[in-house]
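Structural features, examined
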Amino acid sequence: MITHEYKNRLIQFCIDNLEIKSSELQTEIDEVMKATNEYGPPKDRYDGFKNQQMRKIEMLTAQIHLVHDDIRVFMQIDKLHPSDSVKLGALFTTSDQIIMVACSIGKIEFEGLSLFILSPKVPFYDAVKGAKKGTAVKFRDKVININELT
């Protein structure tokens, strides 16, 4: 049985993991910056090493922004009231799996259960969007029953 308290613990677990990921990315940026500074000034106008390091910093910074966007999604979820239909923040079970709609994290293990955290931008969400507990929806020639919803 998936409870509302379980959902709130899951949300906090995801936020904590995303914050850890953000700090790891920041540490990597700091290491790249240190290596770049130790290298010294550019050797010429088209210094390949410096350019490569700057591109790496830009890439890591973009990844941090994406992680922070995911954290904001979890922070927007209503933790006080259970969901009455499948929407952003809904945690629901089908006959095959447990799914939470938030952002694209994928399959995780939490408190002994395997579940999928998916984005509302995926086609599966379009099929189940708005479904209520006890309803069945069709997705890619398969019937999906919403057994539990919180």
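Above this note sits the structure.
All of the points below concern the structure found in this document. (Residues numbered from 1 in each chain as written. Predicted model: local features only at pLDDT ≥ 70, side-chain atom pairs only at ≥ 80, totals over all residues. Heavy atoms only, no water.)

**Let's talk about the side chain of Ser119**
Under the convention used in this document: In this text, helices come from DSSP runs of H or I with a minimum length of four residues, and strands from runs of E with a minimum of two, each type numbered from the N-terminal end. Definition of a polar contact: a pair of N or O atoms within 3.5 Å, with one able to donate and the other able to accept a hydrogen when the atoms are protein atoms, and with sequence-neighbouring residues admitted only if both atoms are side-chain atoms. We call two residues contacting when some pair of their heavy atoms lies within 4.5 Å.
Examined against the element boundaries, Ser119 turns out to sit in the loop between strand E4 (113-118) and helix H3 (123-128). Reaching out from Ser119, the side chain makes a polar contact with the backbone nitrogen of Lys121 at a distance of 3.0 Å. Apart from the residues within four sequence positions on either side, Ser119 is in contact with Ala102, Cys103, Ser104 and Tyr125.

**Quick look at the pairing of strand E6 (residues 142-145)**
To keep it simple, the criterion reads: Strand pairing is assigned whenever DSSP detects at least two bridges linking the two strands.
As judged from the 4 bridges shared by strand E5 (residues 136-139) and E6, these two strands associate in the antiparallel manner. The residue of E6 that forms the bridge with Phe139 is Lys142. Two successive antiparallel strands, E5 and E6, enclose a turn made up of 2 residues, where Arg140 displays a positive phi of approximately 50°.

**Comments concerning the packing of aromatic side chains**
The condition is simple: Only the six-membered ring of Trp is used, alongside the rings of Phe and Tyr, when aromatic pairs are assigned; centres must lie within 6.5 Å, and planes under 30 degrees apart are stacked while those over 60 apart are edge-to-face, with the rest tilted. Each residue's exposure class comes from its accessible area (1.4 Å probe, protein chains only) as a fraction of the maximum for that residue type: buried when under 20%, exposed when over 50%, partly exposed otherwise.
According to the stated counting rule, one finds 3 aromatic pairs in the structure shown. When the centroid spacing of 5.3 Å and the interplanar angle of 55° are considered together, the rings of Tyr6 and Phe110 count as tilted. Of this pair, Tyr6 sits in helix H1 (residues 4-39) while Phe110 sits in strand E3 (residues 106-110), and the two are 104 residues apart along the sequence. Considered together, Tyr6 and Phe110 belong to a single accessibility category, that of buried residues. Considering the side-chain rings of Phe124 and Phe139, the 5.3 Å spacing of their centres and the 90° angle between planes classify their relative orientation as edge-to-face. Here Phe124 is found in helix H3, whereas its partner Phe139 is found in strand E5, with 15 residues between them in sequence. Taking relative accessible area as the criterion, Phe139 reaches 17% and is therefore assigned buried. The rings of Tyr6, Phe13 and Phe110 are connected pair by pair, giving a single aromatic cluster.

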